[in-house]
Amino acid sequence: MKNDLLLKALRGEVTSRPPVWMMRQAGRYLPEYMVLREKYGFFERCQTPELACEITLQPVDIIGVDAAILFSDILVVPQAMGLEVQLVESKGPFLPEPIKTGNDLERIRVPDVHETLQYVFDAITLIKKELNRRVPLIGFAGAPWTILCYMVQGKGSKTFDEAKAFCYTQPVLAHRLLQMITDTTIAYLKAQVKAGADTVQVFDSWGGLLGPEDFENISLKYIRQIVHALKEEVPVIIFAKGAWYALKEMAATGASGLGIDWCIKPGLARSMAGNNITLQGNFDPAKLLSPIPELKKEVNKMLNAFGNGRYIANLGHGILPNVPVDHARAFVDTVKEWEGT
Ligand code: 1CP
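Residues numbered from 1 in each chain as written. Predicted model: local features only at pLDDT ≥ 70, side-chain atom pairs only at ≥ 80, totals over all residues. Heavy atoms only, no water.

A.B. asks: Outline the packing of helix α9 (residues 144-153) against helix α11 (residues 171-195), supporting the account with residue identities and numerical values.
C.D. replies: Close contact between α9 and α11 brings their axes to 9 Å; oriented N to C, the two are set at 115°. By crossing handedness, the relation of α9 to α11 is classed as right-handed. Together, P144, W145, I147, L148, M151 and V152 of α9 and A174, L177, L178, I181 and T182 of α11 make up the contact between the two elements. Its residues placed into classes, the contact of α9 with α11 shows 10 nonpolar, one polar and no charged. (Axes fitted to C-alpha atoms, helices over the stretch in contact; angles between N-to-C directions. Helix = DSSP H or I, 4+ residues; strand = E, 2+ residues; numbered from the N terminus. Left-handed = near helix turned anticlockwise from the far one by under 90°. Contact = heavy atoms within 4.5 Å. Nonpolar A, V, L, I, M, F, W, Y, C, P; charged D, E, K, R; others polar.)

Here it is in structure tokens:
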């Protein structure tokens, strides 16, 4: 690997500077992505290896990030399990027949991932070839709780109240569903690794909607199974947005990296997570809209607070579609130019 800063940082090895990438780095802020978005539907872009490959490589070529992340979506998993998933323009994900009852569970299954998601593995094979060992490739999946949120609520939400009510009023069903998602996800991530993913990230975007006890029972219990199944093969990164209260427990799973959002100070995150794990984050994505000199100052502040050791520079959540390309590049360049210790 020509640039293996990310893998080194995840293994706890000394690096010349922290590696940098951005969550949702392949996407709508890039004009080159918008060209392909005009021509092809969202799932068509995911399901066509040549398109997924081209989109995955865009931020590597245009922005100069230290890692590629597979272009796909967490919602291909419910799709593979048998639920219809649409992406409605300017509205987001829509699942017309969500899971509400025991009967609904009969409609879904733990699929053979090679029958349902082979296009993802084909994309990975192609991406690895095109990357030609320039930077590592990150594979990913949603955490079971976050996937349940969409499978039950049927669409995006700020609170996912219907998904929570499902867990609290029908716990037996909820845990059956969570286990089905977990089993599918383990097979899915293992096949991503076999196809060439160098590391995998588990996105629990809605983990922070749960209190500490529910997070343990509904989310972390299943994330732990995923980490245990994968960690001997590749480093695993857990990103549970808002679930800062569980950093210690997440570090204890055996994951190599923990993503954090901007609502926790780096020092506190480090003291909770301990010294034996790599932290990743945590720039407020909206700060990429600041004037470039201000943005650079803020990035340097973040870098100084984390220091260069077991640290990956990233945003605290996905990049926003209205970020100018030169601001995204300024974020990455500031990390590359950082002269702290
Ligand atoms: O072009 C478009 O309009 C589609 C926008 C889009 C994109 C670019 C969606 C729909 N998904 C993606 C790609 C995507 N999704 C990636 C690609 C790799 C990358 O560049 O990082 C990844 C990692 C995801 C993961 C994802 N999808 C998450 C977890 C991360 C996060 O941001 O919290 C979630 C929650 C989703 C669901 C989803 N898919 C798309 C949207 C707009 C959403 C969020 C909807 C909501 O707010 O509920």
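Right, picking up where we left off after that structure.
A.B. asks: Which residues make up the site of the ligand, and what values do they have?
C.D. replies: In the vicinity of the ligand there are 23 residues, among which Y33, R37, Y150, S205 and H317 approach most closely. Contact between the ligand and Y33: an oxygen atom at 2.6 Å from a side-chain N or O atom of the residue. Between the ligand and the protein, one listed contact pairs an oxygen atom with a side-chain N or O atom of R45 at 3.3 Å. For the ligand, the accessible surface in isolation is 890 Å², of which the surrounding protein chains cover 88%. Counting only elements with at least two residues in the shell around the ligand, the list comes to α2 (31-39) and α3 (42-47). Its residues assigned to classes, the shell around the ligand comprises 13 nonpolar, five polar and five charged. (Near = heavy atom within 4 Å. Polar contact = N/O pair within 3.5 Å; in protein donor to acceptor, adjacent residues only side chain to side chain. Areas by Shrake-Rupley, 256 points an atom, 1.4 Å probe, with all protein chains shown as cover.)

A.B. asks: Which residues make up α11, and what values go with them?
C.D. replies: Relative to the 36 Å expected for 25 residues at 1.5 Å per residue, α11 spans 36 Å between its end C-alpha atoms, a close match to the ideal helical length. Looking one or two residues beyond α11, the residue adopting positive phi is G196, at roughly 135°. (Expected span 1.5 Å × (residues − 1).)

A.B. asks: Explain the pattern of salt bridges to me, and be specific about the residues and the numbers.
C.D. replies: Evaluation of the coordinates by the stated rule reveals 17 salt bridges. The salt bridge involving E232 is made with K231; its shortest N-O contact spans 3.4 Å. Look at E232 and you get exposed, because its relative accessible area is 67%. The partner of K287 in a salt bridge is E298, and the shortest N-O contact between them spans 2.8 Å. Here K287, found in the loop between β8 (278-283) and α15 (292-306), pairs with E298, found in helix α15; they are 11 residues apart in sequence, far enough to count as distant. On the basis of relative accessibility, which here comes to 32%, the residue K287 falls in the partly exposed class. What you see here is one network of salt bridges that share partners, running through K287, E298 and K301. (Salt bridge = Lys/Arg side-chain N within 4 Å of Asp/Glu carboxyl O. Buried < 20%, exposed > 50% of the residue type's maximum accessible area, 1.4 Å probe, protein only.)

A.B. asks: I'd love a proper account of the side chain of T184, names of residues and values included.
C.D. replies: Relative to the helices and strands, T184 resides in helix α11. Residue T184 is classed as buried on the basis of its relative accessible area of 0%. Aside from chain neighbours lying at most four places away, what touches T184 is V77, M81, V110, P111 and V113.

A.B. asks: Describe the environment of K241, naming the residues involved and giving the relevant values.
C.D. replies: Counting through the fold element by element, K241 comes out in the loop between β6 (236-240) and α13 (247-251). Taking the C-alpha atoms as reference, K241 lies 5.9 Å from G207; in sequence the two are 34 residues apart. Beyond its immediate sequence surroundings of up to four residues, K241 is in contact with D204, S205, G207, G208, D261, W262 and H317.

A.B. asks: Any chance you could break down the sheet that holds strand β5 (residues 199-204) for me, citing the residues and the numbers?
C.D. replies: Spatially, seven strands are ordered β1-β4-β5-β6-β7-β8-β9 in an open sheet, and the strand pairing comes out parallel. On the outer flanks of this sheet lie β1 (68-69) and β9 (311-315), each paired with one strand and no other. In terms of strand pairing, β5 meets β6 through five bridges, oriented parallel. Residue D204 lies in a different strand from β6, and its bridge partner there is A240. (Pairing = 2+ DSSP bridges.)

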